[in-house]
Protein chains: 2
Amino acid sequence: MAREKKIDMVILGLLSHEDLSGYDIKKRIDSMISFFWKGSFGNIYPALKDMEEADLVKKTGTSDNVREKMTYRISDKGLKILKQWLQDEQAANELRYETLLKLFFGGALDKSVSITNIELFEQKIKGDLKLLKGYCENLKEHTENADHLYYYLTASFGVETYEAYLKWCIKAKKILKNGVI
Amino acid sequence: MAREKKIDMVILGLLSHEDLSGYDIKKRIDSMISFFWKGSFGNIYPALKDMEEADLVKKTGTSDNVREKMTYRISDKGLKILKQWLQDEQAANELRYETLLKLFFGGALDKSVSITNIELFEQKIKGDLKLLKGYCENLKEHTENADHLYYYLTASFGVETYEAYLKWCIKAKKILKNGVI
DNA sequence: GTTTGATATATCATTTTGATATATAGTAGC
DNA sequence: GCTACTATATATCAAAATGATATATCAAAC
């Protein structure tokens, strides 16, 4: 039943840093954490509504002005829930790589198809790695933000793994071309 | 709307290797491809039903015996769909690591909590890496199966990345303990 | 003989995804 | 000034995935 609503934790986490609107939350997710977690308007807005009813977040700002954006602030109760989750030893870590899925079934077609798929993956990763490295460099310089260390750690995870991916791409193409491990 | 039903491709891929029942499909997913893709009874059985109606798969075996398992075979049409997907350059590759999400929001609590979370991750990865390495060794010896090369490539992707994870764990713990990058 | 665990299929509520709808504000080009 | 485009902002919904539960059979263990 997909028991835990993880989007709630993402929202509470972001609100523990600063007050945000639903739209802001989406922007934060897309720019900072999208490489290891996703969120969409389709679950952000309903989650905010539900969490407001449960007193985990409160609306702030001028809600009298209808056309103005609604900003949310985390409550003490919300912060408690966030901290409980952070201390919970359970953690769902999963990879979902369609490129690997296609490679697994690559035997159905000529190996050139698999090589092309690996090359497409390689190019995508190269671009993303560049972005992540820039992000890391930036964080090294902005030590005034107390959370920069945590942001850096997640970004450096990306750098390390993406570099490993690229090494694998070279090896994998070689194995396919030679037809032996 | 989550446009593409990826589980269909997983099933067609597995059926391109051999005839299988829904239960068998679940077992194959869990044992061979679960580290980069998942499947559940909740989508496998309905998918088989839908694909049978669309003539992508056919029931085989003794369906007259009610209590016997239903085995499915891929059709020419199904094989065509599978090959089309393999050649489609689109590929959804995503990481969903709750450990990184928790680390990103680690500033809400003492750094010891984040260190513990990294250590839990580290232990899990160490165990999984051992399994993947064993799987790789096994595949090196069973070259009689034409698909062993493709299986090996996906497993070796896991080995490479998991080793990178472990290197990152050591670095990350050090950074947290010292409080500087 | 009974309990346990594997086999096998099916169903369902919850959650997520990703697309679409709607409307306003700003701004760049002509 | 007018128009087109883009960003902001919220909301909704069908489709898909998740993961739990229900049900039943059969073989092995004890």
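This text goes with the structure placed above it.
Residues numbered from 1 in each chain as written. Chains lettered and ligands numbered in written order. Predicted model: local features only at pLDDT ≥ 70, side-chain atom pairs only at ≥ 80, totals over all residues. Heavy atoms only, no water.

A. Region of the structure containing the overall build of chain A. Along chain A, the regular secondary structure elements total 7 helices and 4 strands. From first element to last, N terminus to C terminus, chain A shows the α and β order α-β-α-α-β-β-α-β-α-α-α. A globule of 181 residues ought to have a C-alpha radius of gyration of about 16 Å, yet chain A, at 21 Å, is considerably larger. Considering chain A as a whole, with its 181 residues, one finds that 49% of them fall into the buried category. Considering only residue pairs separated by 6 or more positions, chain A has 57% of its internal contacts joining residues 24 or more positions apart. (Helix = DSSP H or I, 4+ residues; strand = E, 2+ residues; numbered from the N terminus. Rg over C-alpha atoms; globule rule 2.2 N^0.38 Å. Buried < 20%, exposed > 50% of the residue type's maximum accessible area, 1.4 Å probe, protein only. Contact = heavy atoms within 4.5 Å.)

B. Geometry of the relation of the copies chain A and chain B. The transform that puts chain A on chain B rotates by 180° and translates by 0.0 Å along the axis, for an RMSD of 0.0 Å. Both copies of the chain, as the preceding transformation shows, are related through a two-fold rotation axis. In terms of proximity to the rotation axis, the leading residue of chain A is A:L95, whose C-alpha is 2.3 Å off the axis. Of all interface residues in chain A, 100% are interface residues in chain B too; the two copies therefore contact each other through one and the same surface. (Least-squares fit on C-alpha atoms with pLDDT ≥ 70 in both.)

C. Molecular detail of the environment of A:Y45. Residue and element names in this part refer to chain A. Within the secondary structure, Y45 sits in helix α3 (residues 41-53). Among the residues examined, Y45 registers a relative accessible area of 41% and is labelled partly exposed. For the pair Y45 and I125, spaced 80 residues apart in the sequence, the C-alpha separation amounts to 31 Å. There is a polar contact of 3.4 Å between the side chain of Y45 and the backbone nitrogen of Y23. (Polar contact = N/O pair within 3.5 Å; in protein donor to acceptor, adjacent residues only side chain to side chain.)

D. Molecular detail of the pattern of salt bridges. Summed over all chains, the structure comprises 25 salt bridges over all chains. Its salt-bridge partner being B:K5, residue B:D8 comes within 3.9 Å of it at the nearest N-O pair. In this structure, B:K173 engages B:E122 in a salt bridge whose closest nitrogen and oxygen atoms are separated by 2.8 Å. Here the residue B:K173 occupies a position in helix α7 (residues 148-178), and B:E122 occupies one in helix α6 (residues 111-141), the gap between them amounting to 51 residues. B:E122 shares its class with B:K173; the two are buried. When salt bridges with common partners are traced through the structure, they connect A:K5, A:D8 and A:D50 into a single cluster. (Salt bridge = Lys/Arg side-chain N within 4 Å of Asp/Glu carboxyl O.)

E. Spatial organisation of the pairing of strand β3 (residues 71-74) of chain A. Pairing between strand β1 (residues 20-21) of chain A and β3(A): 2 bridges, direction antiparallel. Bridge assignment links A:L20 to a residue of β3(A), and that residue is A:Y72. (Pairing = 2+ DSSP bridges.)

F. Local environment of the packing of helix α2 (residues 22-33) of chain A against α3(A). All names here are of chain A. α3 packs onto α2 with a crossing angle of 135° between their chain directions and a minimal axis gap of 10 Å. By the angle class used here, α2 and α3 are oblique. Our pair here, α2 against α3, has a crossing hand that is right-handed. Along its contact with α2, which presents G22, Y23, I25, K26 and I29, the element α3 presents F41, I44, Y45 and L48. (Axes fitted to C-alpha atoms, helices over the stretch in contact; angles between N-to-C directions. Parallel < 35°, antiparallel > 145°, perpendicular 65-115°, else oblique. Left-handed = near helix turned anticlockwise from the far one by under 90°.)

G. Summary view of unusual backbone geometry. All names here are of chain A. Not every positive phi belongs to a glycine, and D55 is a case in point at roughly 60°. When you line up the elements, D55 lands in the loop between α3 and β2 (57-60). Among the residues examined, D55 registers a relative accessible area of 49% and is labelled partly exposed.

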